[in-house]
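# Architecture at a glance
Here is what each chain is made of, one letter per residue.
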Amino acid sequence: MVNEFLQTTNPKIFACGDIIEKQLPKLTPVATFEGQYVARKVTKELQEAIKYPVIPTIVYGSPKIATVGVTKVEDDRQTVTVTQEMTDWFTYHRVNEPLAKAKFVFNKENFLIGASVLSEQADELIDFLAIAINQQLTKRIVDQWIFGYPTLASDLPYLLK
Ligand SMILES: Cc1cc2nc3c(=O)[nH]c(=O)nc-3n(C[C@H](O)[C@H](O)[C@H](O)COP(=O)(O)OP(=O)(O)OC[C@H]3O[C@@H](n4cnc5c(N)ncnc54)[C@H](O)[C@@H]3O)c2cc1C
């Protein structure tokens, strides 16, 4: 058991990684993030409690399933859920993917707050979506950029609001 500073019951002893009892997914980058937090905390580079970004999780099946952020909508009045059928998009067509689908959850301000993806490239797309959530990217922002096409990144303007 640790507090919000990853201190154990002995405040001079910190814990990070899988050994912590937590609701968050137990994954390598999460352990790394916590380790870096502890290093900065003990060297007094920062004082604040640990603040986690959204954490992508991936099931490496075929196709892959990946999720990030809010996936269960508890209050429909606060969120909008959009389902995208992407199988016919060039990004997937050019590599003969038989199935590519995604579900997106947006908040009332139209910011992406969660996504679930089913495709062979779900592991790659989910990281772009994690960036979109963490940086509050919108269609208006990504429309200002030019991506290689057809790629997962070039699909972002069609996935965001
Ligand atoms: C089968 C499997 C697949 C996984 N796949 C993924 C994946 O694809 N992607 C992903 O992000 N995460 C994956 N994970 C999770 C990931 O491995 C862990 O979240 C991550 O390794 C946690 O890091 P950690 O440093 O907390 O613990 P660990 O990596 O387990 O390191 C703990 C270390 O402490 C050592 N140790 C234990 N007890 C003692 C002791 N008494 N004295 C000294 N040393 C001790 C252990 O030998 C070990 O080396 C997977 C886990 C499993 C089991």
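Please refer to the structure higher up on the page.
Residues numbered from 1 in each chain as written. Predicted model: local features only at pLDDT ≥ 70, side-chain atom pairs only at ≥ 80, totals over all residues. Heavy atoms only, no water.

## Here's the deal with the side chain of Gln-7
With respect to the helices and strands, the residue Gln-7 is situated in the segment before α1 (28–42). A relative accessible area of 17% means that Gln-7 is categorised as buried. Look past the residues within four positions of Gln-7 in its chain and what remains in contact with it is Met-1, Val-2, Ile-13 and Phe-14. (Helix = DSSP H or I, 4+ residues; strand = E, 2+ residues; numbered from the N terminus. Buried < 20%, exposed > 50% of the residue type's maximum accessible area, 1.4 Å probe, protein only. Contact = heavy atoms within 4.5 Å.)

## Topic: α1
Under the 1.5 Å per step criterion, the end-to-end length of α1 is 21 Å for 15 residues, consistent within 8% with the ideal 21 Å. For α1, the set of buried residues is Val-30, Glu-34, Tyr-37, Val-38 and Lys-41. Viewed along the axis of α1, the buried residues span an arc of 100°, placing them on a single side of the element. Away from its buried face, by an angle of more than 90 degrees, α1 presents the exposed residues Thr-28 and Pro-29. Trailing α1 by a residue or two, Lys-44 shows a phi angle of about 60°, which is positive. (Expected span 1.5 Å × (residues − 1). Arc of directions from axis to C-beta.)

## Notes on the site of the ligand
In the neighbourhood of the ligand, the contacting residues comprise Gly-17, Asp-18, Lys-26, Leu-27, Thr-28, Pro-29 and Ala-31. One nitrogen or oxygen atom from the side chain of Asp-18 is found 2.8 Å from an oxygen atom belonging to the ligand. Between the ligand and Thr-28, the relevant distance is 3.0 Å, taken from an oxygen atom to a main-chain nitrogen or oxygen of the residue. When isolated, the ligand has an accessible area of 1,000 Å², and the protein chains bury 23% of it. Grouping the constituent residues of the shell around the ligand by class yields three nonpolar, two polar and two charged. (Near = heavy atom within 4 Å. Polar contact = N/O pair within 3.5 Å; in protein donor to acceptor, adjacent residues only side chain to side chain. Areas by Shrake-Rupley, 256 points an atom, 1.4 Å probe, with all protein chains shown as cover. Nonpolar A, V, L, I, M, F, W, Y, C, P; charged D, E, K, R; others polar.)

## Let's talk about the sheet that holds strand β4 (residues 101–107)
Across the sheet, five strands lie side by side as β1-β2-β5-β4-β3; this open sheet has antiparallel pairing. Bordering the open sheet on either side are β1 (57–59) and β3 (79–85), each of which pairs with just one other strand. Each strand axis lies, on average, 10° off the axis of its neighbour in the sheet, ignoring direction. Here six bridges tie β4 to strand β5 (residues 112–119), and the two strands are oriented antiparallel to one another. Bridging from a neighbouring strand, Lys-101 pairs with Leu-118 of β5. Helix-sheet contacts for helix α3 (residues 122–134) involve β1, β2 (64–69), β4 and β5, and the interaxial angle to β5 is about 175°. (Pairing = 2+ DSSP bridges. Axes fitted to C-alpha atoms, helices over the stretch in contact; angles between N-to-C directions.)

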